[in-house]
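Structure assessment
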Amino acid sequence: MFIVSLIRKKPLPKKMLIATLSGVVITSLVYFYETYFFTFNDIDRTYMQEGPGPVMSPSEKYSAHAYYEPYGGAAGGVNVWVEVTNKKEDHVQIVYYADAKDQFSLEWRDDETLFILNDDPQFPNSNRSIELKVEKEIYHEFGRACKSLLMKDEYERCYHN
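This section reports on the structure supplied with the text. (Residues numbered from 1 in each chain as written. Predicted model: local features only at pLDDT ≥ 70, side-chain atom pairs only at ≥ 80, totals over all residues. Heavy atoms only, no water.)

1. Some details on the pairing of strand β5 (residues 91-99)
Within β5, seven of the nine residues are buried, which leaves the element mostly enclosed by the surrounding structure. Connecting strand β4 (residues 77-86) to the antiparallel partner β5 that follows it, the hairpin turn spans four residues, and Asp-90 within it adopts a positive phi of roughly 50 degrees. The sheet contact formed by β5 and strand β9 (residues 137-140) spans two bridges and is parallel. Looking across to β9, one finds that Tyr-96 is bridged to Tyr-139. (Buried < 20%, exposed > 50% of the residue type's maximum accessible area, 1.4 Å probe, protein only. Helix = DSSP H or I, 4+ residues; strand = E, 2+ residues; numbered from the N terminus. Pairing = 2+ DSSP bridges.)

See below:
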């Protein structure tokens, strides 16, 4: 509408201008909120399925447990997240979130390093496997946790695909 108004050299109707600017502002605010105020609270736990775990760390200070979140119905897929529980402090933290692949497992490398295997050998670009220092690092496949202002104090390093 704005371009048509410029070409015809007629003034843009005020109602149209207000509606357009309101739409742009609302869309920008929603994008800003979704990007910078992300938390893992939005995970749909309605159809949650248990995955591998709990897997105890060598000193049994931590346990890691994976959960699956189906999405999209029959044509959809499955997301996976890993929660690590600090047994001594009774603190649960999500350290990993990604699209689930055919091969998925959890293995402690040492008392604070968790290796997460999430791969599909048939698709070379599907590897989402990573080693995480559970007190300092997290992984979010799309990087939303990395940009979040609310989560920045929960980790020192954030990885994404």
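2. Description of a nonpolar patch on the surface
Together, Phe-32, Tyr-33, Phe-37, Leu-149 and Leu-150 line one region of the surface with nonpolar side chains, adding up to about 480 Å² of accessible area. Assignment of secondary structure puts Phe-37 in the loop between α2 (14-36) and β1 (49-50). We classify Phe-37 as partly exposed; its relative accessible area is 31%. (Patch = residues over 30% accessible without salt bridge, like charges linked within 9 Å, V, L, I, M, F, W, Y side chains within 5 Å. Areas by Shrake-Rupley, 256 points an atom, 1.4 Å probe, with all protein chains shown as cover. Salt bridge = Lys/Arg side-chain N within 4 Å of Asp/Glu carboxyl O.)

3. Describing the sheet that holds strand β6 (residues 103-108)
What links the strands of a sheet is backbone hydrogen bonding, and the strands pair in either a parallel or an antiparallel sense. Spatial ordering of the open sheet is given by β6-β7-β8, a layout of three strands whose pairing is antiparallel. Pairing within the sheet leaves two strands with one partner each, and these edge strands are β6 and β8 (130-133). Mean inter-strand twist for the sheet, computed between neighbouring axes without regard to direction, equals 15 degrees. Sheet analysis places strand β7 (residues 113-119) next to β8, joined by four bridges and oriented antiparallel. Pairing of Ile-116 across the sheet is with Ile-130, part of β8. (Axes fitted to C-alpha atoms, helices over the stretch in contact; angles between N-to-C directions.)

4. Thoughts on the nonpolar core
Counting 32 residues, the largest nonpolar core has Val-82, Val-84, Tyr-96, Phe-104 and Leu-114 as its most contacted members. Looking at this core, the elements that each hand over two or more residues are β3 (62-71), β4, β5, β6, β7, β8 and β9. With residues up to four places along the chain from it excluded, the contact list for Leu-114 reads Ala-64, Val-82, Val-84, Leu-106, Glu-107, Trp-108, Ile-130, Glu-131, Leu-132 and Val-134. (Core = buried A, V, L, I, M, F, W, Y, C linked by side-chain atoms within 4.5 Å. Contact = heavy atoms within 4.5 Å.)

5. Let's talk about the packing of aromatic side chains
Throughout the structure, instances matching the rule amount to nine aromatic pairs. For the pair Tyr-62 and Trp-108, a centre-to-centre distance of 5.9 Å together with 20 degrees between the ring planes defines the contact as stacked. In this pair, Tyr-62 is assigned in strand β3 and Trp-108 in strand β6, connecting sequence segments 46 residues apart. Taken together, a centroid distance of 6.2 Å and an interplanar angle of 70 degrees make the contact between Tyr-68 and Phe-104 edge-to-face. One end of the pair, Tyr-68, is in strand β3; the other, Phe-104, is in strand β6, with 36 residues separating them in the sequence. Residue classification places Tyr-68 among the buried residues on the basis of a relative accessible area of 18%. (Phe/Tyr/Trp six-rings, centres within 6.5 Å; stacked < 30°, edge-to-face > 60°.)

6. Some remarks on the pattern of salt bridges
Side-chain pairs of opposite charge can arise whenever the charged atoms involved come near each other. Here the structure, examined in full by the defined rule, presents seven salt bridges. The partner of Asp-99 in a salt bridge is Lys-101, and the shortest N-O contact between them spans 3.2 Å. With respect to burial, Asp-99 and Lys-101 carry one shared label: buried. The partner of Glu-131 in a salt bridge is Arg-109, with the nearest N and O atoms 2.9 Å apart.

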